[in-house]
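Each chain, written out:
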Amino acid sequence: MPLIPANYETINLNTSHYIPSDVKVCNNLTYNYWFTTLLEKLQSVIEFEDLPDTWRGDVKDFLYYCLFKFGYVAVFYNSTFGNSFQPATLNGMTFYYQPSKAIVSNPALESALELVIGEDCELIKLTPFYKGVWDLISYYAEKLSSLDTAINMSIINGKVPFILGAKNKPMAQMLKKIMDKVNGGEPLVIYDEIFREDGSKVKAGESPLSAFDREHLKNSYILTEQLQDFQTILNGFYNEIGIPTVPYQKMERMVDKEASSQEKASSARVSVWYDCLEESLVKVNKLLGTKIKVSLRFDDKTNGGESDELSDSNNDRI
């Protein structure tokens, strides 16, 4: 799990639950890169306005991190730190099976705080079930990391003119040299002498190499298809978090109903997050006397403009 230190026992527990167990998808730099990238993309969707001055800068980044990681933060007033928020452990239960208390523990505090929700504190909540979206980011980061590696291999293998078999060590070394030249970008590689196992030179008309027929690669999973699937996965993540996209695979422009359906699909989940944040901020503002607001950077107007353009184009075509 990126961004959080983990001991050997935690790492072993997490990796042992992955199937197949011999595939290490998450323990690599590519996964960490895509996890961080997707986390930043997700942060770009939700924008907080009129935050207290002490919540800006790196503290604001910590707010995003807690909301995405845990799904909520406890907000309260402290005589030392003023209006504050912290990750908390929820406890107790109300009549409607909602948590009634939030326990805040921080080394900067003299002792742990046990706060009554609705009286001593309120929650800024991202999801209805007090759960973060770390799994969503990890889900797509894992797929992008796996496909990213396959794309890199396809780029390398796509530059190899033939797959050859060598009968002896000198021939193998020669083939490796050819590989180096081809991967170095040379469009033409020429060799002049190759030796047999007994040390004699190759006679005219004879070849010590056996070439592998690469015609079957036309029907295999090649780079162009991998790049398309890579964008499809990335678009899937965009649809999950509310960034408007248009499927680029379509040969013709989308009709109005298709575009409208795409808009609704991309806004469904982020609308739930927005409602949770907006409702919880009403309680927070009442408790602290603040005026914190939340908005979405990609609203319906952004999608609507594209839909109208697509619709007009299709009407003209029809």
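Basis of the calculations
- Residues numbered from 1 in each chain as written.
- Predicted model: local features only at pLDDT ≥ 70, side-chain atom pairs only at ≥ 80, totals over all residues.
- Heavy atoms only, no water.
- Pairing = 2+ DSSP bridges.
- Helix = DSSP H or I, 4+ residues; strand = E, 2+ residues; numbered from the N terminus.
- Axes fitted to C-alpha atoms, helices over the stretch in contact; angles between N-to-C directions.
- Contact = heavy atoms within 4.5 Å.
- Phe/Tyr/Trp six-rings, centres within 6.5 Å; stacked < 30°, edge-to-face > 60°.
- Buried < 20%, exposed > 50% of the residue type's maximum accessible area, 1.4 Å probe, protein only.
- Lys NZ or Arg CZ within 6 Å of the ring centre and 35° of its normal.

### Quick look at the sheet that holds strand β3 (residues 82-86)
Stage number 1. Taken in spatial order, the three strands of this open sheet run β3-β2-β7, and their pairing is antiparallel. The open sheet terminates on both sides in strands that have one partner only, identified here as β3 and β7 (121-125). Pairwise comparison of adjacent strand axes, ignoring direction, gives a mean angle of 30° for this sheet.
Stage number 2. Direction of pairing for strand β2 (residues 72-78) relative to β7: antiparallel, over a ladder of five bridges. Bridged to Tyr72 within β7 is Lys125.
Stage number 3. Its contacts with the sheet put helix α3 (residues 58-70) on β2, β3 and β7, and the angle it makes with β2 is roughly 135°.

### Focus on the sheet that holds strand β6 (residues 113-116)
Stage number 1. Pairing within the open sheet is antiparallel, and its three strands lie in the order β4-β5-β6. Because the sheet does not close on itself, it has two edges, and the strands there are β4 (89-91) and β6. With strand direction ignored, the average angle separating the axes of adjacent strands in the sheet is 30°.
Stage number 2. Strand direction decides the pairing type here: β4 and strand β5 (residues 101-104), joined by three bridges, are antiparallel. In the strand pairing of β5, Thr89 is matched with Ile103.

### So, the packing of aromatic side chains
The description of an aromatic ring pair uses the distance of the two centres, along with the angle that the planes make with each other.
Stage number 1. Counted under the stated rule, the structure contains 13 aromatic pairs.
Stage number 2. Relative to Phe35, the ring of Tyr31 has its centre 5.9 Å away and its plane inclined at 45°; by these criteria the two rings are tilted. Of this pair, Tyr31 and Phe35 both sit in helix α2 (residues 29-43), four residues apart, which is roughly one turn of that helix.
Stage number 3. Residue classification places Tyr31 among the buried residues on the basis of a relative accessible area of 3%.
Stage number 4. You can call Phe35 buried: its relative accessible area is 1%.
Stage number 5. Taken together, the aromatic side chains of Tyr31, Phe35, Tyr65 and Trp134 make up a single cluster linked through ring pairs.
Stage number 6. Residue placement shows Lys125 over the ring face of Tyr130; its charged tip is 4.6 Å from the ring centre.
Stage number 7. Positioned over the ring face of Tyr139 is Lys143, at 3.8 Å from the centre of the ring.

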